[in-house]
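The residues making up each chain are set out below.
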Amino acid sequence: MYLEAIAIEKIVLGEEHIQYASSLQNLGLLNIAKGTYGQAERYFLEAIQIMKKVLPSHHPSWARTYNNLALLYFVQDDLAKAEPLFAQALDNQFHQIKNIFPSLSAKEKESFYSTLKNDIERFNTFAIANYQRDPSVAGKMYNNQLITKGLLFESVTKTRESIFSSGKNDLIALYNRWRERRDQLARAYHLSQQVLQSRGLDVQILEDEVNDLEKQLSERAYALNTQRDWQNLSWQDIRDKLAPDEAAVELVRFREFKIAPRYNTEEGTTETELLYGWTGKVNYAALIITSDSKDYPKLILLEQGADLEDRYFSYYKNAIRYQIEDSVSFKHYWQTIQSALSGINTVYFSPDGVYHKLNLNTLLDPEREQYLLDAIQIRQLTSTRDLLLP
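Remember, predicted model here, so these are calculated numbers, not experimental data.

Peer 1: Can you help me understand the packing of helix α4 (residues 61–75) against helix α6 (residues 106–130) in this one?
Peer 2: For any two helices packed against each other, one specifies the inter-axial angle together with the distance between the axes. At their nearest, the axes of α4 and α6 sit 12 Å apart, and the two run at 30° to each other. By the criterion of interaxial angle, the relationship of α4 to α6 is roughly parallel. Considering how the two elements wind past one another, α4 and α6 form a crossing that is left-handed. Residue-level contacts link Asn67, Leu71 and Phe74 of α4 to Asp119, Arg122, Thr125, Phe126 and Ala129 of α6. Looking at the contact of α4 with α6, its residues break down into 4 nonpolar, 2 polar and 2 charged.

Peer 1: Just to check I follow, could you spell out unusual backbone geometry for this structure?
Peer 2: Peptide bonds are, in most cases, trans, and in most cases residues other than glycine have a negative phi. A positive phi angle, close to 65°, is found at Asp77, a residue other than glycine. Examined against the element boundaries, Asp77 turns out to sit in the loop between α4 and α5 (79–99). Among the residues examined, Asp77 registers a relative accessible area of 63% and is labelled exposed. Here Gln323, not a glycine, exhibits a phi torsion of approximately 55°, which is positive.

Peer 1: Help me understand the environment of Ser293 in this model?
Peer 2: Note on placement: Ser293 falls in the loop between β2 (271–290) and β3 (298–302). Separated by 53 residues in sequence, Ser293 and Asp240 place their C-alpha atoms 9.6 Å apart. Beyond its immediate sequence surroundings of up to four residues, Ser293 is in contact with Trp235, Arg239 and Ile288. From its side chain, Ser293 meets the backbone nitrogen of Thr290 in a polar contact 2.9 Å long.

Peer 1: What am I meant to see in the pattern of salt bridges here?
Peer 2: Where side chains of opposite charge bring their charged atoms close, a pairing between them can arise. Taken as a whole, this structure holds 16 salt bridges when the rule is applied. As a salt-bridge pair, Arg177 and Glu209 come within 3.2 Å of each other at their nearest N and O atoms. With a gap of 32 residues between them, Arg177 in helix α9 (residues 169–188) and Glu209 in helix α11 (residues 203–222) connect regions that are remote in the sequence. The shortest N-O distance in the salt bridge between Arg181 and Glu180 comes to 3.3 Å. Here the salt bridges share partners, and the residues they tie into one network are Arg177, Glu180, Arg181 and Glu209.

Peer 1: Hey, could you run me through the nonpolar core in this one?
Peer 2: The nonpolar side chains of a soluble globular protein tend to be buried with one another. Phe86, Ile97, Leu116, Phe123, Phe126 and Tyr142 are the most contacted members of the largest nonpolar core, which totals 63 residues. Sorting elements by how many residues they give to this core places α4 first, with 9 residues. Among residues more than four places away in sequence, those in contact with Phe86 are Asn67, Ala70, Leu71, Phe74, Phe123 and Phe126. The next biggest cluster of nonpolar side chains, apart from the first, holds 30 residues, and it includes Ile288, Ile337, Leu341 and Ile344.

Peer 1: Could you clarify how one ought to interpret the side chain of Asp352 in this entry?
Peer 2: For Asp352, the position within the fold is in the loop between β4 (346–350) and β5 (364–365). Here Asp352 occupies a buried position and makes no salt bridge, while the nearest side chain of opposite charge, Lys149, is found at 5.0 Å. Polar side-chain contacts of Asp352 include one of 2.9 Å to the backbone nitrogen of Arg253. Excluding residues within four positions of it along the chain, Asp352 makes contact with Gln145, Lys149, Leu251, Val252, Arg253 and Tyr284.

Peer 1: How should a nonpolar patch on the surface be read in this particular structure?
Peer 2: Judged by side-chain polarity, Tyr315, Tyr322, Ile324 and Val328 come together as a nonpolar surface patch covering roughly 390 Å² of accessible area. Take Ile324: it is sitting in the loop between α14 (311–321) and α15 (329–333).

Peer 1: Can you help me understand the packing of aromatic side chains in this one?
Peer 2: Centre-to-centre distance and the angle between the planes together describe a pair of aromatic rings. Using the criterion set out here, one finds 14 aromatic pairs in the structure. With centroids separated by 5.6 Å and ring planes inclined at 80°, the aromatic side chains of Tyr333 and Tyr355 adopt a geometry described as edge-to-face. Placement of Tyr333 in helix α15 and of Tyr355 in the loop between β4 and β5 is noted, with a sequence separation of 22 residues between them. Given the relative accessible area of 0%, Tyr333 is considered buried. Across the ring face of Trp178, the terminal group of Arg182 is positioned such that the distance to the ring centre comes to 4.6 Å. Against the face of Trp278 rests Arg255, its NZ or CZ located 3.9 Å from the ring centre.

Peer 1: Explain the packing of helix α3 (residues 37–54) against α4 here, please?
Peer 2: It is the contact of α3 with α4, at a shortest axis distance of 10 Å, that shows an interaxial angle of 155°. Judged by the angle between their axes, α3 and α4 are roughly antiparallel. In this structure, α3 crosses over α4, and the sense of that crossing is left-handed. On the side of α3, the interface is formed by Tyr37, Ala40, Glu41, Phe44, Leu45, Ile48, Met51 and Lys52, while α4 contributes Ser61, Trp62, Thr65, Asn68, Leu69, Leu72, Tyr73 and Val75. For the contact of α3 with α4, the class distribution of residues is 11 nonpolar, 3 polar and 2 charged.

Peer 1: It is not clear to me how the pairing of β4 should be interpreted in this structure. Could you clarify?
Peer 2: The side chains of a regular strand alternate between the sheet's two faces. In terms of residue burial, β4 counts as a mostly covered element, since 5 of its 5 residues are buried. Taking every second residue as pointing to the same face, both faces of β4 are buried, with Thr346, Tyr348 and Ser350 on one and Val347 and Phe349 on the other. By the bridge criterion, 4 bridges tie β4 to strand β7 (residues 377–380) in an arrangement that is parallel. By the bridge assignment, Thr346 is partnered in β7 with Gln377.

The rules behind each value
- Residues numbered from 1 in each chain as written.
- Predicted model: local features only at pLDDT ≥ 70, side-chain atom pairs only at ≥ 80, totals over all residues.
- Heavy atoms only, no water.
- Axes fitted to C-alpha atoms, helices over the stretch in contact; angles between N-to-C directions.
- Helix = DSSP H or I, 4+ residues; strand = E, 2+ residues; numbered from the N terminus.
- Parallel < 35°, antiparallel > 145°, perpendicular 65-115°, else oblique.
- Left-handed = near helix turned anticlockwise from the far one by under 90°.
- Contact = heavy atoms within 4.5 Å.
- Nonpolar A, V, L, I, M, F, W, Y, C, P; charged D, E, K, R; others polar.
- Buried < 20%, exposed > 50% of the residue type's maximum accessible area, 1.4 Å probe, protein only.
- Polar contact = N/O pair within 3.5 Å; in protein donor to acceptor, adjacent residues only side chain to side chain.
- Salt bridge = Lys/Arg side-chain N within 4 Å of Asp/Glu carboxyl O.
- Core = buried A, V, L, I, M, F, W, Y, C linked by side-chain atoms within 4.5 Å.
- Lys, Arg positive; Asp, Glu negative; His and termini not counted.
- Patch = residues over 30% accessible without salt bridge, like charges linked within 9 Å, V, L, I, M, F, W, Y side chains within 5 Å.
- Areas by Shrake-Rupley, 256 points an atom, 1.4 Å probe, with all protein chains shown as cover.
- Phe/Tyr/Trp six-rings, centres within 6.5 Å; stacked < 30°, edge-to-face > 60°.
- Lys NZ or Arg CZ within 6 Å of the ring centre and 35° of its normal.
- Pairing = 2+ DSSP bridges.

Shown next, in the form of C-alpha cells:
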C-alpha cells in the first residue's frame, strides 16, 4: 500500500518534488527496520539526488537526510562512511543554531533542542564505537558539548541580560509588552469560554501575539550577546587556557542507540525482531583536556550509567544521611577519571546527569584515606567554555 501511495505521489507531484524525496527517505527507514540495507541505501541516495536539485545546502532537511544515511552505514559497521555523514548532519544543525534558532519562540526552541539532543546522543554512540579506529572523534564530542551544553538556559538568560544592558528603550518596551501579553495569556487559560467572550479575549490570537513577540525579542537580543560565537569554539581553545597543572573535564551523559537483531527463545522457539532505537542503557563519557593534549581529548567511558544514577547514587545519599563512611562512591564516580589526571592539581569540571547531584569534594579515596577535597582542587563550571570568559 505504501509503495502504491508513493508511486501515485511520484506521478502527481513529479520526481523532483521535496515531498517525494521525503517519502523515499521513509521507505529507506522502513527497509532499515526490515534489514534490507541495500534497498534502504538506494532510496536514501535517490532522495539525496532530488534534494540537491531543489534545496540549498544548509536547508534544515539535510540534517535528517545525513543522519538517516549515517545510521544505515553505522548498522553495517561501515564506520568510515558513517563518520562524515554524522559530521555533516551536526554541522547543518549548528548552522541552524546560528541562523534560525535565534528567531524561534520558546516552544520552537524546545522542540529544536529535543531533536538536536537525540541526534547528538546517536552520534555519541557512534563515536564510542569509532574511537579505537579514529580517536579524534573525541574532539568532535567535546566540540559538540561546547556548542550545545546549556543552550536553552543560556538562550533565555542571555536574552534577558542583553535586553536590559542594551540601553535600547524600544527593545526594553518590547520585552515588557511580551511579559504583559504572556501573563495575560496565562490568566486566559484559566477562564471559561463565556468569560473570554465577555472580555473580548481570544486565546489563539493571544498565543500568536506572544509567539511573535518572543521571536522578535530572541532575534534582536541574539545580535547583542556572545552566544552567537559558540559555534566557532573548539576543544583546542580550552586547552590553550590551561596551565601545566590544570585539566578541563567535560562529562557527557548519553543513551545508547542501536539497530540490531534481537532474539526471543522463549518456549523452545526462536523469533527474531529488530531492535531499532534507544536500548535503555546509559553511558557517561569523561572528555579530558590538559595543556599537553595535542591531537584529541582523552576519553574515559563509564558504561554503568544506570547504576550510577540508581543503585550507586542511593548508596551515596544514604551514606550522607546516616553519616556512614563512604568507601565505595569514589571508585564508582571518580577513580577511573582520576587515573587520567596524573600531575594535575586543578580540574575545571563540567558535570552532566547524576554528577550534578554529587559533591565530588566529599568522595573518599579509601586507598589514600584522603578526601578528594584534600587531593585536588575541583572547580565546577556549567561548561568549560566559561574558561574563555573575560
